[in-house]
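# Structural characterization, general
Residues per chain are reported as follows:
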Amino acid sequence: MPATRLIETGDQPLPETPGEVGIGLGLTHFAVLSDGRKIDNPRILRRAAKKLRKAQKALSRTQKGSANRRKARLKVAQAHAKVADTRHDWAHKLSTALIRDNQAIYVEDLAVSGLARTRLARPVHDAGWSQFVGMLEYKAKRYGRHFAKIDRWFPSSKVCSACGTLATSMPLNVRSWTCACGVTHDRDVNAAINVLAEGRRIVAAGRKPVAETRQEAETLNACGGDVRPPLAVADADEAGSLRGAA
């Protein structure tokens, strides 16, 4: 993306715009938009890996309890902090640009915690999807934009965005495919288009997305919400034991 200087001023709603966007997240490209744009993954941690290894090796060569060890530990912490700050700044600029240019933003809800337990853990953590999506969500509320997460089980990659046909399978190594209707799809762009369409459908139906509803239910349960139906008073003619009956 070209360098852009963006400044947030106050919590006043932004002027309305006709733009809407569906966003698919990934590792090859950090984000693919429903208009066909692909935003490269910055791979900030990978770019800083050499410097981090050097700082960590210098730390391992110092003596425990020494002044040099304290200095080396500080350098390691500063290197990690720089990576985090760089990732935060990059996500901040991208999320602000998307909020500014679109009245409605729909993004797929990824199971980040699950992916973080696989062999993709390092690149998943490096991508920082959760931080980015969180920024989109709070900025949408702050500036009067519509935001929704599309349920993670929605088959965005397997549905033809032209005719709606659902493919029986779609292995991860398939990056483009041709539907029976004759339309050839880029897998990621097609998924982003379907995320946009599903977001529009949810808004048109006047209901909350499944992901948001599930989150509210989990929050209610965690806060001690009722897990049993409320007790009701029985009618007088309902069957039951009378007081004092043998």
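The sections below set out a description of the structure shown in this document. Keep in mind it's a predicted model, so treat the numbers as computed, not measured.

Attention now moves to unusual backbone geometry. Peptide bonds are, in most cases, trans, and in most cases residues other than glycine have a negative phi. Non-glycine residue Arg-43 carries a positive phi angle of around 45 degrees. Along the chain, the position of Arg-43 falls in the loop between strand E3 (38–40) and helix H1 (44–47). Looking at Arg-43, the relative accessible area reads 25%, which means it is partly exposed.

Taking 1.5 Å per residue as the helical rise, helix H2 (residues 49–60) with its 12 residues ought to reach 16 Å, and the 16 Å between its terminal C-alpha atoms agrees with that figure. The set of residues buried in H2 consists of Leu-52, Ala-55 and Leu-59. End-on, the buried residues of H2 take up no more than an arc of 65 degrees, which puts them together on one face. Structural note: H2 exposes Lys-50, Lys-54, Lys-57 and Ser-60 on the side pointing more than 90 degrees away from its buried face. Looking at the buried positions of H2, the neighbouring elements they touch are H1 and helix H3 (67–101).

Our next topic: a positive patch on the surface. A contiguous patch of positive charge on the surface is contributed by Lys-50, Lys-51, Arg-53, Lys-54, Lys-57, Arg-61, Arg-70, Lys-71, Arg-73, Lys-75, Lys-82 and Arg-122. Contributing elements (two or more residues each) for the positive patch: H2 and H3. By the secondary structure assignment, Lys-57 is in helix H2. Look at Lys-57 and you get exposed, because its relative accessible area is 51%.

What counts, and at which threshold
- Residues numbered from 1 in each chain as written.
- Predicted model: local features only at pLDDT ≥ 70, side-chain atom pairs only at ≥ 80, totals over all residues.
- Heavy atoms only, no water.
- Helix = DSSP H or I, 4+ residues; strand = E, 2+ residues; numbered from the N terminus.
- Buried < 20%, exposed > 50% of the residue type's maximum accessible area, 1.4 Å probe, protein only.
- Expected span 1.5 Å × (residues − 1).
- Arc of directions from axis to C-beta.
- Contact = heavy atoms within 4.5 Å.
- Patch = residues over 30% accessible without salt bridge, like charges linked within 9 Å, V, L, I, M, F, W, Y side chains within 5 Å.
- Areas by Shrake-Rupley, 256 points an atom, 1.4 Å probe, with all protein chains shown as cover.
- Salt bridge = Lys/Arg side-chain N within 4 Å of Asp/Glu carboxyl O.
- Lys, Arg positive; Asp, Glu negative; His and termini not counted.
- Charge placed at Lys NZ, Arg CZ, Asp CG, Glu CD.

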